[in-house]
Amino acid sequence: MSQLFIAGKAFSNRLILGTGKYPDFETMKSCYQAAGSEMVTLAVRRFDLGAMGEDNILNWIPKDIHLLPNTAGCFTREDTLRVARLAREALNNPWIKVEVLGDKKSLYPDGEETLTACAELVKDGFIVLPYINADPILARKLCDTGVHAVMPLGSAIGSGLGVQNPYVLILIKEICDSYKLPMIVDAGVGTASDATIAMELGADGVLLNTAVAEAGNPVLMAEAMDYAVKAGRLAFESGRMPRRIYAQASSPLAGIIGKNGSLV
């Protein structure tokens, strides 16, 4: 299976996990190990900079895992820029997943605010990965600003409804490919089959959190998600068979044995 490249950095594992909602830090770390995680995302506004020892979440994230800070909880461009710059300063990390939410109930992102925030962060030297609604037009505009990946949602954050907009994701994937940028499906994955579907559609990666953190057995689900993402990517790379209206025999009909024992 090919590697995922973001801003020139290579990842062998295309599954990105989060850091929220786990019952405890020990379970969180075990999930990363079960999934073979190479990158996890961290909500900067929920990170206690003054926490020490075992109370500091950073001490539970293995050092070989790449950290993707995010601006979760921001509702304006100004707030997003402030949190992103705080993350870069506190974590010495220019990577940022940009989340600018537009509604407190649905938690859908605000496309206009996201676009303006990303344009400014790119100019400021950040590695920018915007979280967006499944909107091909916005995706193209973001690619034009110089972002380093596009992260459309499969369905609402934490809903577990899976991929609700498959054909739109295919359009976004086509746009991202034209810019040589990855498309990472972010939000809505509820179980392993959802992750596989996203990857079979052409997603370069999947970011999820609740599906693992709120599973009955989070560690086992993390392992399942790892297999699901790998299976979906391998299926996409291999190329599926065409869909047909009528049946087609698996074995050739020529040369079958007739009623009198002769070959037909």
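Keep in mind that this is a model prediction, so the values were computed, not measured.

Observations regarding the overall build of the chain
Turning to step 1, where the next piece is worked out: Secondary structure summary: the chain contains eight helices and ten strands in total.
Turning to step 2, where the next piece is worked out: Each principal axis of the C-alpha atoms in the chain carries an extent, and together these give about 85 × 40 × 35 Å.
Turning to step 3, where the next piece is worked out: As presented, the chain carries roughly 13,200 Å² of accessible surface, and 54% of it is formed by carbon and sulfur atoms.
Turning to step 4, where the next piece is worked out: Separation between the mean location of the 25 positive side-chain charges and that of the 29 negative ones in the chain comes to 6 Å.

Description of the side chain of Asp226
Turning to step 1, where the next piece is worked out: For Asp226, the location among the structural elements is in helix α8 (residues 218-238).
Turning to step 2, where the next piece is worked out: Excluding residues within four positions of it along the chain, Asp226 makes contact with Asn13, Leu15, Ala34 and Ala35.

Thoughts on the nonpolar core
Nonpolar side chains tend to gather and get buried jointly when the protein is soluble and globular.
Turning to step 1, where the next piece is worked out: Leu17, Leu208, Val212 and Met225 are the most contacted members of the largest nonpolar core, which has 63 residues in total.
Turning to step 2, where the next piece is worked out: Core analysis: the next-biggest nonpolar cluster, separate from the first, contains 13 residues, Ile6, Leu68, Ile184 and Leu207 among them.

Topic: the pattern of salt bridges
Turning to step 1, where the next piece is worked out: Within this structure, the stated rule accounts for 13 salt bridges.
Turning to step 2, where the next piece is worked out: Among the salt bridges present, the one from Lys173 reaches Asp177, with a minimum N-O distance of 3.1 Å. Note that Lys173 and Asp177 are positioned in helix α5 (residues 166-178) at a spacing of four residues, about one turn of the helix.
Turning to step 3, where the next piece is worked out: Residues Asp204 and Arg233 are paired through a salt bridge, measuring 3.7 Å at the closest nitrogen-oxygen approach. You can see Asp204 sitting in the loop between α6 (192-200) and β10 (205-208) and its partner Arg233 sitting in helix α8, a full 29 residues away along the chain.
Turning to step 4, where the next piece is worked out: Among the charged side chains, a network of salt bridges with common partners joins Arg77, Glu78, Arg85, Arg88, Glu120 and Asp124.

Focus on the packing of aromatic side chains
Turning to step 1, where the next piece is worked out: The final tally for this structure, using the stated rule, is three aromatic pairs.
Turning to step 2, where the next piece is worked out: Arranged with centres 6.3 Å apart and planes meeting at 80 degrees, the rings of Tyr22 and Tyr32 form a pair that is edge-to-face. With a gap of ten residues between them, Tyr22 in the loop between β3 (15-17) and α1 (25-35) and Tyr32 in helix α1 connect regions that are remote in the sequence. Neither Tyr22 nor Tyr32 differs from the other in exposure class; each is buried.
Turning to step 3, where the next piece is worked out: Ring geometry for Phe25 and Trp60: centres 6.2 Å apart, planes at 45 degrees, overall tilted. Taken as a pair, Phe25 in helix α1 and Trp60 in the loop between β4 (39-43) and β5 (66-70) lie far apart in primary sequence, 35 residues in all.
Turning to step 4, where the next piece is worked out: In this arrangement the basic side chain of Lys97 is found over the ring face of Tyr131, its NZ or CZ atom lying 5.3 Å from the centre.
Turning to step 5, where the next piece is worked out: Across the ring face of Phe75, the terminal group of Lys104 is positioned such that the distance to the ring centre comes to 5.8 Å.

Digging into the layout of surface pockets
A probe matching the size of a water molecule, rolled over the atoms, marks out where space remains unfilled.
Turning to step 1, where the next piece is worked out: Within this model, the largest pocket holds a volume of roughly 760 Å³.
Turning to step 2, where the next piece is worked out: Lining the largest pocket are 39 residues, with Gly20, Lys21, Arg46, Ile157 and Asn209 sitting closest to its centre.
Turning to step 3, where the next piece is worked out: The element contributing the most residues to the lining of the largest pocket is β4, with three residues.
Turning to step 4, where the next piece is worked out: For the lining of the largest pocket, the residue count by class is 17 nonpolar, 14 polar and eight charged.
Turning to step 5, where the next piece is worked out: Surrounding the second largest pocket, Pro166, Tyr167, Ile170, Ile197, Glu200, Leu201, Ala235, Phe236, Arg240 and Arg243 form its lining.
Turning to step 6, where the next piece is worked out: Of all the secondary-structure elements, those providing two or more residues to the lining of the second largest pocket are α5, α6 and α8.

Reading the values: rules and limits
- Residues numbered from 1 in each chain as written.
- Predicted model: local features only at pLDDT ≥ 70, side-chain atom pairs only at ≥ 80, totals over all residues.
- Heavy atoms only, no water.
- Helix = DSSP H or I, 4+ residues; strand = E, 2+ residues; numbered from the N terminus.
- Areas by Shrake-Rupley, 256 points an atom, 1.4 Å probe, with all protein chains shown as cover.
- Lys, Arg positive; Asp, Glu negative; His and termini not counted.
- Charge placed at Lys NZ, Arg CZ, Asp CG, Glu CD.
- Contact = heavy atoms within 4.5 Å.
- Core = buried A, V, L, I, M, F, W, Y, C linked by side-chain atoms within 4.5 Å.
- Buried < 20%, exposed > 50% of the residue type's maximum accessible area, 1.4 Å probe, protein only.
- Salt bridge = Lys/Arg side-chain N within 4 Å of Asp/Glu carboxyl O.
- Phe/Tyr/Trp six-rings, centres within 6.5 Å; stacked < 30°, edge-to-face > 60°.
- Lys NZ or Arg CZ within 6 Å of the ring centre and 35° of its normal.
- 1 Å grid on protein atoms, 1.4 Å probe; cavity = no way out; pocket = protein on both sides within 12 Å on 5 of 7 lines; lining within 4 Å.
- Points joined across faces, edges and corners; volume = space filled by probe spheres on them.
- Nonpolar A, V, L, I, M, F, W, Y, C, P; charged D, E, K, R; others polar.

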